[in-house]
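Descriptive structure summary
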Amino acid sequence: LRETVERAIAIVKPALVQIHVVESYYREGRENKYEISGSGVVITPEGHVLTNHHVAGHATRIKCIFFDKEEMEATLVGKDPLTDLAIIQLQPETPREFATVPFGDSSAVRVGDQVLAMGSPRALSQSVTLGIISNVEMIMPESMRRWGGMEMDGEDVGALVRWLGHDAAIYPGNSGGPLVNLDGEIIGIN
């Protein structure tokens, strides 16, 4: 198992980024800014990064940090609060191609499959946790919707979304990082 996990990590590591975001909001006529952090994964050679909407969906400034400590600005190019996904694009000083991670077939995932949750917990450094898939059809329970559910940007988040449940440890800052199979393919976003 160790060799298999190491191969998967080697595929993902060059494309895994730590994301630091500055968001602004207005209250009582004053602009307030605050910082949050999360994770993401490069999915195109042009530098598109997939992450969570709740990480980058309201960003006014984005900085990404790679495993080798390289820092790079990024811009928000798309977001979908209903699925809690966002796309940002890296802005290198000189054009280049980025390492990417391929997508796997999330519909082929079965209960008991081993998975890796990757990201940058607490904005410290990259981490990997190992777990198994516990549920392939998690949906928002009806009881949660009756109590208000989860709303983001006016969307009933989770009302139409099916999640993969797993027991790989997830910590604050792992949000937006990839959930990968042992072939090093993205099967979900944590």
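Everything that follows concerns the structure shown earlier in this document.
Residues numbered from 1 in each chain as written. Predicted model: local features only at pLDDT ≥ 70, side-chain atom pairs only at ≥ 80, totals over all residues. Heavy atoms only, no water.

With that out of the way, let us pick up the packing of aromatic side chains. Using the criterion set out here, one finds two aromatic pairs in the structure. Residues Tyr 25 and Tyr 34 carry aromatic rings whose centres are separated by 5.6 Å and whose planes lie at 65° to one another, so their mutual orientation is edge-to-face. Here the aromatic rings of Phe 66 and Phe 98 are separated by 6.2 Å at their centres, their planes lie at 5°, and the arrangement is stacked. Taken as a pair, Phe 66 in the loop between strand S4 (59-65) and strand S5 (71-80) and Phe 98 in the loop between strand S6 (85-90) and strand S7 (114-119) lie far apart in primary sequence, 32 residues in all. Grouping residues by exposure puts Phe 66 and Phe 98 together as buried. (Phe/Tyr/Trp six-rings, centres within 6.5 Å; stacked < 30°, edge-to-face > 60°. Helix = DSSP H or I, 4+ residues; strand = E, 2+ residues; numbered from the N terminus. Buried < 20%, exposed > 50% of the residue type's maximum accessible area, 1.4 Å probe, protein only.)

In this section: the pattern of salt bridges. In a structure, side chains of opposite charge can pair up when their charged atoms sit close to one another. Tallying each qualifying case throughout the model produces four salt bridges. With its nearest N and O atoms 3.1 Å apart, the salt bridge here joins Arg 2 to Glu 6. Taken together, the positions of Arg 2 and Glu 6, both in helix H1 (residues 2-12) and four residues apart, correspond to about one turn of that helix. Using a relative accessible area of 41% as the deciding quantity, one classes Glu 6 as partly exposed. Residues Arg 96 and Glu 70 are paired through a salt bridge, measuring 2.7 Å at the closest nitrogen-oxygen approach. With Arg 96 in the loop between S6 and S7 and Glu 70 in the loop between S4 and S5, this pair connects stretches of sequence that are 26 residues apart. (Salt bridge = Lys/Arg side-chain N within 4 Å of Asp/Glu carboxyl O.)

Let's shift gears to the nonpolar core. Within soluble globular proteins, side chains that are nonpolar tend to cluster in buried spots. Membership of the largest hydrophobic core comes to 28 residues, with the highest contact counts inside it found for Ile 19, Val 42, Ile 62, Cys 64, Ile 88 and Leu 90. Broken down by element, this core gets its largest block of residues, four residues, from strand S1 (residues 16-27). Look past the residues within four positions of Ile 88 in its chain and what remains in contact with it is Ile 19, Gly 47, His 48, Val 49, Ala 56, Ile 62, Cys 64, Ala 74, Thr 75, Leu 76 and Val 77. Core analysis: the second largest hydrophobic core is formed by seven residues, Val 115, Ala 117, Ala 168 and Leu 179 among them. (Core = buried A, V, L, I, M, F, W, Y, C linked by side-chain atoms within 4.5 Å. Contact = heavy atoms within 4.5 Å.)

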